[in-house]
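Each chain, letter by letter, is given below.
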Amino acid sequence: MANLSIDLAGIKSPNPFWLASAPPTNSGYQVQRAFEAGWGGAVWKTLGEPIINVSSRFAAVSFNGQRVAGFNNIELITDRPLEVNLKEIYETKKRFPNHAIIASLMVEPKQEKWHEIVKKVEDVGVDGLELNFGCPHGMAERGMGSASGQVPELVEKQTYWAKEVARTPVIVKLTPNITDITVTAEAAVRGGADAVSMINTINSLAGVDLDSWNTIPHVGGKGAHGGYCGPAVKPISLNMVAECARNPRINVPISGMGGVSNWQDAVEFMLMGASGVQVCTAAMHHGFRIVEDMLDGLNNYLDEKGISSVQDIVGKSVPKFSDWGNLDLNYSVVAKINTDVCINCNKCHIACEDTSHQCIDMLKDPNGNSYLKVREEDCVGCNLCSIVCPVDGAIDMIEVPSGHMPMTWNERQAVVGNLSGAKVNAAKF
């Protein structure tokens with residue numbers, strides 16, 4: 001059995017699965033239940049000046065029969081007094097000394113405010129702090145959350161203020177509602193962050209009721225944008241983790257989140273540079289016990305790979321992630337339809353004929369039976385046919401020799417530039 005324990009910037013936990021700062025970590029009762037179920041850590045629901053939440057506050061987006069493919073919320077930070085939260089944090093840490101408890105914090109962008117809350121929270125024994133610069137609604141209108149997180153100078157300054165007095169590691173949680181998350185991640189590092197976490201929720205509106213014309217959710221007939229999370233955002237969050245992991249100026253550990261729903265998702269995030277993952281929507285959908293399958297699945301995966309520690313997979317796929325200009329223009333794959341598996345639903349033919357490169361032919365064998373065949377010379381290897389195919393193994397994407405040496409766009413342009421330069425120089429003589 002592999003060692004699942006992690007060390008994220010000095011914060012140790014028995015496994016990489018943490019609950020994110022959200023409704024599941026709203027109280028000591030909930031966090032203790034989570035630890036009993038097997039979660040390795042928890043980021044306490046964001047602490048600050050208690051606020052008043054609205055009702056209703058959640059909505060979900062279902063797709064093609066899958067409930068909660070995406071999740072939307074307009075809930076804010078804790079609505080319970082700081083003293084109550086601190087007491088429960090102290091009690092929970094005392095009962096579970098080997099589990100990681102991280103306090104999520106959000107206050108006005110003022111030095112004295114950060115000093116005050118950091119000192120109070122650390123006095124009750126937290127293992128680390130997570131500065132919430134990501135909440136996209138409610139708090140942002142008050143100059144906090146993503147309103148701060150979208151301004152690199154504020155991210156750097158507030159991180160520095162927290163670090164001035166912090167005795168435990170400081171994680172900076174970043175907003176995805178920005179053009180380039182690496183800019184704010186770099187700012188956090190300049191401010192002294194020990195780690196960064198991403199992503200917080202994405203600006204969203206879950207939907208509109210076609211009968212009442214109210215937004216979903218609505219509060220007495222009025223709505224507002226909320227934060228989007230869940231499986232639907234995973235490709236976005238995974239990309240942002242990868243972009244930060246490959247940036248040499250962001251040389252701190254990453255806590256990854258945004259659509260992590262199972263052990264496979266966790267492995268993907270860790271391969272792309274996350275030292276551990278945080279989970280919210282999946283726990284809200286299925287309960288704390290989902291961590292049992294996550295732990296079993298991760299253990300089995302590592303054992304099958306012959307890997308002794310989960311920390312050994314962190315960042316292993318980062319070197320494979322680059323820019324488009326570094327991709328081999330001469331690498332070639334084509335689709336191959338396995339007629340013994342194909343059920344002749346013709347979805348691949350329709351997709352290719354209508355929206356791709358018209359390279360799948362509908363043919364008949366000598367017995368008059370219909371079958372599909374790819375004209376390889378016209379196939380560009382776009383993968384669309386294999387994506388829409390409903391049968392596993394019916395279509396394979398096969399690498400074919402191109403007859404050319406590997407060459408990227410950047411290499412090609414360098415050659416073109418050198419040739420142009422040579423022509424210019426030759427013209428001078």
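To be clear, the structure that these remarks concern was listed above.
Reading the values: rules and limits
- Residues numbered from 1 in each chain as written.
- Predicted model: local features only at pLDDT ≥ 70, side-chain atom pairs only at ≥ 80, totals over all residues.
- Heavy atoms only, no water.
- Helix = DSSP H or I, 4+ residues; strand = E, 2+ residues; numbered from the N terminus.
- Expected span 1.5 Å × (residues − 1).
- Buried < 20%, exposed > 50% of the residue type's maximum accessible area, 1.4 Å probe, protein only.
- Contact = heavy atoms within 4.5 Å.
- 1 Å grid on protein atoms, 1.4 Å probe; cavity = no way out; pocket = protein on both sides within 12 Å on 5 of 7 lines; lining within 4 Å.
- Points joined across faces, edges and corners; volume = space filled by probe spheres on them.
- Nonpolar A, V, L, I, M, F, W, Y, C, P; charged D, E, K, R; others polar.
- Salt bridge = Lys/Arg side-chain N within 4 Å of Asp/Glu carboxyl O.
- Core = buried A, V, L, I, M, F, W, Y, C linked by side-chain atoms within 4.5 Å.
- Phe/Tyr/Trp six-rings, centres within 6.5 Å; stacked < 30°, edge-to-face > 60°.
- Axes fitted to C-alpha atoms, helices over the stretch in contact; angles between N-to-C directions.
- Parallel < 35°, antiparallel > 145°, perpendicular 65-115°, else oblique.
- Pairing = 2+ DSSP bridges.
- Arc of directions from axis to C-beta.

### Digging into helix 3 (residues 111-122)
Step number 1: End to end, helix 3 covers 17 Å across twelve residues, agreeing with the expected 16 Å (1.5 Å per residue, within 8%).
Step number 2: Along helix 3, the positions that sit buried rather than exposed are Trp 114, His 115, Ile 117, Val 118, Val 121 and Glu 122.
Step number 3: Of the surrounding secondary structure, the elements contacted by the buried residues of helix 3 are strand 4 (41-47), helix 2 (82-95), strand 7 (100-105), strand 8 (128-133) and helix 5 (152-165).

### Digging into empty space enclosed by the protein
Step number 1: Summed over all chains, the structure comprises three cavities of 30 Å³ or more.
Step number 2: Estimates place the volume of the largest cavity at around 480 Å³.
Step number 3: Taken together, 35 residues line the largest cavity, and the ones lying closest to its centre are Ser 21, Ala 22, Lys 173, Asn 200 and Thr 201.
Step number 4: When residues of the lining of the largest cavity are traced back to their parent elements, those giving at least two are strand 4, strand 6 (66-73), strand 16 (274-279) and helix 9 (281-286).
Step number 5: For the lining of the largest cavity, a count of residues per class yields 19 nonpolar, 13 polar and three charged.
Step number 6: Looking at the second largest cavity, its volume works out to about 90 Å³.
Step number 7: Cys 342, Cys 345, Cys 348, Cys 389 and Ile 395 are, among the 14 residues lining the second largest cavity, the residues nearest its centre.
Step number 8: Of the residues belonging to the lining of the second largest cavity, the class tally is eleven nonpolar, two polar and one charged.

### Describing the pattern of salt bridges
In a structure, side chains of opposite charge can pair up when their charged atoms sit close to one another.
Step number 1: In total, this model carries 20 salt bridges according to the counting rule given.
Step number 2: A salt bridge links Asp 323 to Arg 246; its shortest N-O distance comes to 2.6 Å. Within this pair, whereas Asp 323 is found in the loop between helix 10 (290-305) and strand 17 (333-337), its partner Arg 246 is found in the loop between helix 7 (234-245) and strand 15 (254-257), the two being separated by 77 residues in sequence.
Step number 3: A residue is classified by how much of its surface remains accessible, and Asp 323, at 40% relative accessible area, is partly exposed.
Step number 4: Overall, the relative accessible area of 27% leaves Arg 246 in the partly exposed class.
Step number 5: Measuring nitrogen to oxygen at the nearest pair gives 3.0 Å for the salt bridge that ties Glu 292 to Arg 289.
Step number 6: With a relative accessible area of 51%, Arg 289 lands in the exposed category.

### Structural notes on the nonpolar core
Step number 1: In this structure, Trp 39, Leu 47, Leu 105 and Met 198 are the most contacted members of the largest nonpolar core, which totals 87 residues.
Step number 2: Sort the elements by how many residues they give to this core and helix 10 lands first, with seven residues.
Step number 3: Every residue in contact with Leu 47, bar those within four places of it in the chain, is listed here: Ile 77, Thr 78, Leu 82, Asn 85, Leu 86, Ile 89, Ala 103, Ser 104, Leu 105, Met 106, Ile 117 and Val 121.
Step number 4: Val 334, Ala 335, Cys 385 and Ala 394 belong to the second-largest nonpolar core, a separate cluster that totals 15 residues.

### Comments concerning the packing of aromatic side chains
Step number 1: If you walk through the whole model with that rule in mind, you get four aromatic pairs.
Step number 2: An angle of 65 degrees between the planes, with centres 5.4 Å apart, marks the rings of Phe 35 and Phe 96 as edge-to-face. Remark: Phe 96 occurs in the loop between helix 2 and strand 7 and Phe 35 occurs in helix 1 (residues 28-37); sequence separation between them is 61 residues.
Step number 3: Relative to Phe 133, the ring of Trp 114 has its centre 6.0 Å away and its plane inclined at 75 degrees; by these criteria the two rings are edge-to-face. With Trp 114 in helix 3 and Phe 133 in strand 8, this residue pair connects regions lying 19 residues apart in the sequence. Each member of the pair, Trp 114 together with Phe 133, is buried.

### What to know about the packing of helix 7 against helix 8 (residues 263-271)
Step number 1: Remark: helix 7 packs on helix 8, axes separated minimally by 9 Å, with the N-to-C direction vectors making an angle of 25 degrees. If you check the angle between helix 7 and helix 8, you find them roughly parallel. Counting all contacts with helix 7, which are made through Lys 234, Ser 237, Leu 238 and Val 241, the residues of helix 8 involved are Asp 265, Glu 268 and Phe 269.
Step number 2: For the contact of helix 7 with helix 8, the residue count by class is three nonpolar, one polar and three charged.

### A few points about the sheet that holds strand 5 (residues 58-63)
Step number 1: With respect to topology, four strands assemble into an open sheet ordered 5-6-14-11, the strand pairing being antiparallel. The strands lining the two open edges of the sheet, one partner per strand, are strand 5 and strand 11 (202-204). If you compare each strand with its neighbour and ignore which way they point, the axes differ by 45 degrees on average.
Step number 2: Bridge count for strand 11 against strand 14 (residues 226-229) is three bridges, and the pairing is antiparallel. Residue pairing in the sheet places Asn 203 in a bridge with Gly 227 of strand 14.

### Observations concerning helix 2
Step number 1: Compared with an ideal rise of 1.5 Å per residue, which puts 14 residues at 20 Å, helix 2 spans 20 Å between its outermost C-alpha atoms and is within 8% of the ideal.
Step number 2: All of the buried residues in helix 2 are Leu 82, Asn 85, Leu 86, Glu 88, Ile 89, Thr 92 and Lys 93. Here the buried residues of helix 2 occupy an arc of 165 degrees about the axis, which is enough to place them on one side. Among the exposed residues of helix 2, those oriented more than 90 degrees off its buried face are Glu 83, Lys 87 and Lys 94.
Step number 3: On the buried face of helix 2, the contacting elements are helix 1, strand 4, strand 7 and helix 3.

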